[in-house]
Amino acid sequence: MITKRKTSVSLSTNLLEELSIINKAGNVSEFIEKALVHYINELKRQERNKRDLEIINANAKRFNKEAEENLEFQAMK
């Protein structure tokens, strides 16, 4: 079971107006919670992608050498 805690946040008037337009009949707390979950998941995805790219770049020379060797082997057949 997910435990919820009451908290208070301050939002700009403009943001609250936009929120009321988009989320006409919905629960504001639910909307904000879903938006935060989505945003946090996106940040985590970006961080994973960044780490993956660092790993790929760190191994690029080896990957390229293996690819060249495979192409040379295929050309010999």
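### Observations regarding the side chain of Asn 23
Inference 1: With respect to the helices and strands, the residue Asn 23 is situated in the loop between helix H1 (13-22) and helix H2 (28-58).
Inference 2: According to the relative accessible area criterion, Asn 23 is buried, its value standing at 15%.
Inference 3: Excluding residues that lie within four positions of it along the chain, Asn 23 makes contacts with Val 28 and Phe 31.

### Section: the pattern of salt bridges
Inference 1: A full pass over the atoms with the stated rule returns four salt bridges.
Inference 2: Its salt-bridge partner being Lys 4, residue Glu 33 comes within 2.7 Å of it at the nearest N-O pair. Taken together, the positions of Glu 33 in helix H2 and Lys 4 in the segment before H1 put the pair 29 residues apart, joining distant regions of the chain.
Inference 3: Since its relative accessible area comes to 36%, Glu 33 is described here as partly exposed.
Inference 4: Exposure remark for Lys 4: the relative accessible area of 59% places this residue in the exposed category.

### Here we look at the environment of Ser 20
Inference 1: The residue Ser 20 is located in helix H1 in this model.
Inference 2: Measuring from C-alpha to C-alpha, the distance between Ser 20 and Glu 47 comes to 32 Å, with 27 residues separating the pair along the chain.
Inference 3: Of the polar contacts made by the side chain of Ser 20, one reaches the backbone oxygen of Glu 17; its length is 2.7 Å.

What counts and how
Sequence order as written defines the numbering, with residues in each chain counted from 1. Only residues with pLDDT of at least 70 are given local features in this predicted model, and only at 80 or more are side-chain atom pairs given and counted; all residues enter the totals for whole chains, interfaces and linings. With hydrogens and water set aside, each side-chain value is computed from the structure's full complement of heavy atoms. To qualify as a helix, a DSSP run of H or I must reach at least 4 residues; to qualify as a strand, a run of E must reach at least 2; elements of each kind are numbered from the N terminus. Remark: exposure states derive from per-residue accessible area (1.4 Å probe, protein chains only) relative to the maximum for the residue type, with buried under 20%, exposed over 50%, and partly exposed in between. Whether two residues are in contact is decided by their heavy atoms: any pair within 4.5 Å suffices. By definition, a salt bridge exists where a carboxyl oxygen of Asp or Glu is found within 4 Å of a side-chain nitrogen of Lys or Arg. Any pair of N or O atoms that falls within 3.5 Å is considered a polar contact. Within protein, one atom must be able to donate a hydrogen and the other to accept it, and sequence-neighbouring residues count only if both atoms are side-chain atoms.

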